[in-house]
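Results of the structural survey
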Amino acid sequence: MYNNITLGLRKRLLAGSTFALLSLSAAPALATDWWMIFGTGDTPNRDLFFADAQSVKATQQHPQNTLLTVVQVFESPNSPNYVSYALELQCPERQLRVNSATAYLRAGATTVLPAPKRWVPVPKSWLERGYDFACAPGKRKSNAMMPMGVGSIDNTQLVAITQQGLFNQLPGNQPIRIESKKSSTEDVMRDLNFLLGAPEKK
């Protein structure tokens, strides 16, 4: 079901993202290869998750581990603009940890979130989609992950493409979704802690 819907939307989404990118002023950017890997929520509280294929690489200290950058873009004006996650994965063991999580607020400030850094089994959520993206790269398209196809873009441009284009192109209900009604950075971390099985702070 998700594969069929994704294929049907792909041309419209890429057209919308390309238009949004061309509307931005040109700026130098590091090489990136963004893929849309997950969507959640209903209008006006949708989130889209993007993974950067260029970020998938072995760690220097532990070459058997794999690094991955995931960006979560929010539709709701009451949420952060986006959150960037630095994940570390142990592919054979299906384990992950969040090395860092940084929220970029709409007012321009940033907040480093207290992400749990212990190793945990990969939960069934957007984190599992990130695991599949990094650990099974040959199955990205068969897993209905969508390459953006707009070249090298930085996080700010990715957010603009999403908020100006993709949220307008996508239907209100996502075909793959988990319950999501985030409204603050505290909610983001509460949900992340819940997914990773961390005890809630009192």
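You'll find the structure just up there.
Residues numbered from 1 in each chain as written. Predicted model: local features only at pLDDT ≥ 70, side-chain atom pairs only at ≥ 80, totals over all residues. Heavy atoms only, no water.

1. Considerations on the packing of aromatic side chains
Applying the stated criterion to the full structure yields 5 aromatic pairs. Ring centres 5.7 Å apart and planes at 65° place the aromatic pair Phe-38 and Phe-49 in the edge-to-face group. Of this pair, Phe-38 sits in strand β1 (residues 34-40) while Phe-49 is found in strand β2 (residues 47-52), placing the two residues 11 residues apart along the sequence. A single burial state applies to Phe-38 and to Phe-49, both of which are buried. Members of the aromatic cluster, each reached through a chain of ring pairs, are Phe-38, Phe-49, Tyr-85 and Trp-126. In this structure, Arg-140 packs its charged tip against the face of Trp-35, placed 5.7 Å from the ring centre. The ring of Phe-133 has Arg-140 sitting right over it, with the charged end atom 3.8 Å from the ring centre. (Phe/Tyr/Trp six-rings, centres within 6.5 Å; stacked < 30°, edge-to-face > 60°. Helix = DSSP H or I, 4+ residues; strand = E, 2+ residues; numbered from the N terminus. Buried < 20%, exposed > 50% of the residue type's maximum accessible area, 1.4 Å probe, protein only. Lys NZ or Arg CZ within 6 Å of the ring centre and 35° of its normal.)

2. So, the nonpolar core
When a protein is soluble and globular, its nonpolar side chains tend to lie buried together. Counting residues in hydrophobic clusters, the biggest one holds 28 residues, and the most contacted among them are Ile-37, Leu-68, Val-70, Tyr-85, Leu-87, Trp-126 and Phe-133. Taken together, the elements giving at least two residues each to this core come down to β1, β2, β4 (66-74), β5 (82-90), β6 (95-104) and α2 (126-135). A total of 5 residues in this core trace back to one element, the largest contributor, which is α2. Dropping the residues within four chain positions of it, Phe-133 is found in contact with Trp-35, Ile-37, Ala-51, Asp-52, Ala-53, Val-56, Leu-68, Arg-140 and Met-145. (Core = buried A, V, L, I, M, F, W, Y, C linked by side-chain atoms within 4.5 Å. Contact = heavy atoms within 4.5 Å.)

3. Side note on the pattern of salt bridges
On inspection of all chains with the given rule, the structure shows 4 salt bridges. In this structure, the salt-bridge partner of Arg-46 is Glu-75, at a minimum N-O distance of 2.8 Å. With Arg-46 in the loop between β1 and β2 and Glu-75 in the loop between β4 and β5, this pair connects stretches of sequence that are 29 residues apart. As far as the burial class goes, Arg-46 and Glu-75 line up, both buried. In this structure, Glu-128 and Arg-94 form a salt bridge, with 3.2 Å as the shortest nitrogen-oxygen distance. With a gap of 34 residues between them, Glu-128 in helix α2 and Arg-94 in the loop between β5 and β6 connect regions that are remote in the sequence. Residues joined in a network through salt bridges with shared partners are Arg-94, Lys-124 and Glu-128. (Salt bridge = Lys/Arg side-chain N within 4 Å of Asp/Glu carboxyl O.)

4. Brief notes about the pairing of strand β7 (residues 110-113)
Consecutive side chains of a regular strand alternate in pointing toward one face of the sheet and then the other. Of the strand pairs in this sheet, β6 and β7 are connected by 4 bridges, and their pairing is antiparallel. The residue of β7 that forms the bridge with Tyr-104 is Thr-110. With antiparallel pairing between neighbouring strands as the criterion, β6 and β7 make up a hairpin whose turn holds 5 residues, including Gly-108 at a positive phi of roughly 110°. (Pairing = 2+ DSSP bridges.)

5. Thoughts on the state of the cysteines
All told, the structure shown has 1 disulfide when counted by the stated rule. A disulfide bridge connects Cys-91 with Cys-135, and the sulfur atoms are separated by 2.0 Å. Between Cys-91 and Cys-135 the disulfide shows an S-S torsion of about -75°. By sign, it is left-handed. Of this pair, Cys-91 sits in the loop between β5 and β6 while Cys-135 is found in helix α2, placing the two residues 44 residues apart along the sequence. Among the residues examined, Cys-91 registers a relative accessible area of 16% and is labelled buried. (Disulfide = S-S within 2.5 Å.)

6. Focus on the pairing of β2
Counting buried residues along β2, 6 of its 6 residues qualify, which places the element largely inside the surrounding structure. Side-chain alternation along β2 places Asp-47, Phe-49 and Ala-51 on one buried face and Leu-48, Phe-50 and Asp-52 on a second face that is also buried. For β1 and β2, the ladder comprises 6 bridges, and the chain directions are antiparallel. Within β2, the position partnered with Met-36 by the bridge is Phe-50. Strand direction decides the pairing type here: β2 and β4, joined by 5 bridges, are antiparallel. Looking across to β4, one finds that Phe-49 is bridged to Gln-72.

7. A short note on the environment of Asp-132
On the secondary structure map, Asp-132 appears in helix α2. Take Asp-132: its relative accessible area is 21%, and that puts it in the partly exposed class. For the pair formed by Asp-132 and Val-122, sequence separation is 10 residues and the distance between their alpha carbons is 10.0 Å. Each residue touching Asp-132, except ones within four places of it in the same chain, is listed here: Arg-94, Pro-137, Asn-143 and Met-145.

None of this, on its own, says anything about what the molecule does.
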